Amino acid sequence: MKKHAGAEKKRVKRSPGSASSTARDSASDPPPRKQGVKKDVFQVFAEKVRDNKGLESRWAVMEEARVEYFRGKDFVSFLKNHPECKEILEEDKDLDAEDIANVLLGKNLLVRCDRVTKTLRPGKKKLSTWPAHLEIFREDQGFSETDAFFAWTFEKRHPLWQTLLSFFWPVLTLAICLFPVYPHRCKLIVLYSCAGILLMILSLLFVRAVAFGAMWILLGKRVWFFPNILAEEATLKELFRFWPKKDEEEPPKWTSRLFYTVVAVVVVMLLRRHAPDEAARARYQRRMSNIIDDVLEWSPKLALSGLMENQPPVNITDAAKNSSDAEAGPDHTEDAELDETQDEEEAEDLANSDIKT
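Reference entry: report on the structure contained in this document. Here the structure is a predicted model, which means the values were calculated and not measured.

Analysis parameters
- Residues numbered from 1 in each chain as written.
- Predicted model: local features only at pLDDT ≥ 70, side-chain atom pairs only at ≥ 80, totals over all residues.
- Heavy atoms only, no water.
- Core = buried A, V, L, I, M, F, W, Y, C linked by side-chain atoms within 4.5 Å.
- Buried < 20%, exposed > 50% of the residue type's maximum accessible area, 1.4 Å probe, protein only.
- Helix = DSSP H or I, 4+ residues; strand = E, 2+ residues; numbered from the N terminus.
- Contact = heavy atoms within 4.5 Å.
- Patch = residues over 30% accessible without salt bridge, like charges linked within 9 Å, V, L, I, M, F, W, Y side chains within 5 Å.
- Areas by Shrake-Rupley, 256 points an atom, 1.4 Å probe, with all protein chains shown as cover.
- Salt bridge = Lys/Arg side-chain N within 4 Å of Asp/Glu carboxyl O.
- Lys, Arg positive; Asp, Glu negative; His and termini not counted.
- Charge placed at Lys NZ, Arg CZ, Asp CG, Glu CD.
- Expected span 1.5 Å × (residues − 1).
- Pairing = 2+ DSSP bridges.
- Axes fitted to C-alpha atoms, helices over the stretch in contact; angles between N-to-C directions.

## With respect to the nonpolar core
When a protein is soluble and globular, its nonpolar side chains tend to lie buried together.
1) Next: Counting 25 residues, the largest nonpolar core has F45, F75, L104 and W152 as its most contacted members.
2) Next: Mapped by element, the contributors of at least two residues to this core are α2 (41-51), α3 (72-81), α4 (97-106) and β5 (149-152).
3) Next: Ignoring any residue separated from it by four or fewer positions in sequence, one finds L104 in contact with F42, F45, A46, F75, L109 and L110.
4) Next: Core analysis: the second largest hydrophobic core is formed by 10 residues, V111, W130, F149 and A151 among them.

## Remarks on a negative patch on the surface
1) Next: On the surface, D96, E98, D99 and E145 cluster together to form a negatively charged patch.
2) Next: Along the polypeptide, E145 turns up in the loop between β4 (133-136) and β5.

## Some thoughts on helix α6 (residues 184-218)
1) Next: In a regular helix each residue adds 1.5 Å, so 35 residues correspond to 51 Å; α6 covers 50 Å between its end C-alpha atoms and thus fits that length.
2) Next: K187, R208, A211, F212 and W216 are the residues of α6 that are buried.
3) Next: In this structure, the buried side of α6 is in contact with α8 (254-273) and α9 (278-297).
4) Next: The positive-phi residue at the C-terminal boundary of α6 is G220, with phi of around 75°.

## Digging into the pairing of β5
1) Next: Going residue by residue along β5, you find F149 and A151 tucked away on one face and F150 and W152 tucked away on the opposite face as well.
2) Next: The pairing of strand β2 (residues 66-71) with β5 spans 3 bridges and is classified as antiparallel. Within the sheet, the bridge partner assigned to F70 lies in β5 and is F150.
3) Next: The pairing of strand β3 (residues 110-115) with β5 spans 4 bridges and is classified as antiparallel.

## Observations regarding the sheet that holds β3
1) Next: Strand order around the closed barrel formed by 5 strands is β1-β2-β5-β3-β4, with mixed pairing between neighbours. Neighbour-to-neighbour, the strand axes of the sheet open up by a mean angle of 55°, direction not taken into account.
2) Next: Against the sheet, α3 contacts β2 and β5, and its axis sits at roughly 65° relative to β2.

## Focus: the side chain of D114
1) Next: Residue placement: D114 occurs in strand β3.
2) Next: Ignoring sequence-local partners within four residues, the contact set of D114 consists of L134, E135 and F137.

In structure tokens form, the structure reads like this:
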């Protein structure tokens, strides 16, 4: 009994120590990490598909806002040609294109649109493949492949180069404003580089327009080389695409072609008749050269000191006389004029008397 009671006492004495050690161990353990909120796989899928160049898309105006949209049939063909994109959906990767599109519509990642103009314009055989103006489809927000358009509703992530470019524009603006204080050699480089680029662009547009006019008049074909050179939204590859698109419009009437031929001939004759001669061109060239030289040779040093050095010297006596005349007023001015007249008359009288004698 004594041993049993001693054992109980020892257990009672050890229990607080064991509890405190357990508390210290639990306090030393790191707290469990909170699991981050998992992003929706359909949101990730939509961003991936939108960034992929394989899905053909265009920009249009819908309810006073610019949206990026694609066609339903292009979405189906894209998923057939790029099945790896569906791996993002994990458990839902076996869904077909129509079911995936309906899920995106249900999550408001897409919205179905319809063309605003539903009638053919004069001279057109069919409606535009990519309309420039859209409206929300009011009947059913379901997926369809036949003449259905779908616009992305979320904001597209900007790539790194666009972010860097946004910081570069203020620096470029400041550099343009500081052009007058550049060294002369830098001014020449900037001037001739900008003039060369501008001349190249204008020459390209002129040759493009001449080629279009010649083919339209002679062959009745609408052929625009570099068709995307003036496009607002185009990738770098599409911007410099040389070969034109297929002409889907009706050929022009021969009367229209004849009329514009006569107009072109008359314009060319007028330009040749009223063209400036060699002397006028030389004067214009000299004037422009002087303007360019003034811009290139200007410097802050000339602005501060050159003007003061080029000013004519001021006669202090004449300045004091003019100030005193101004303070005397109009009466003093009239008296001075009378005195000068009398002096002149007396001088004439003396001259006449000398001649008589």
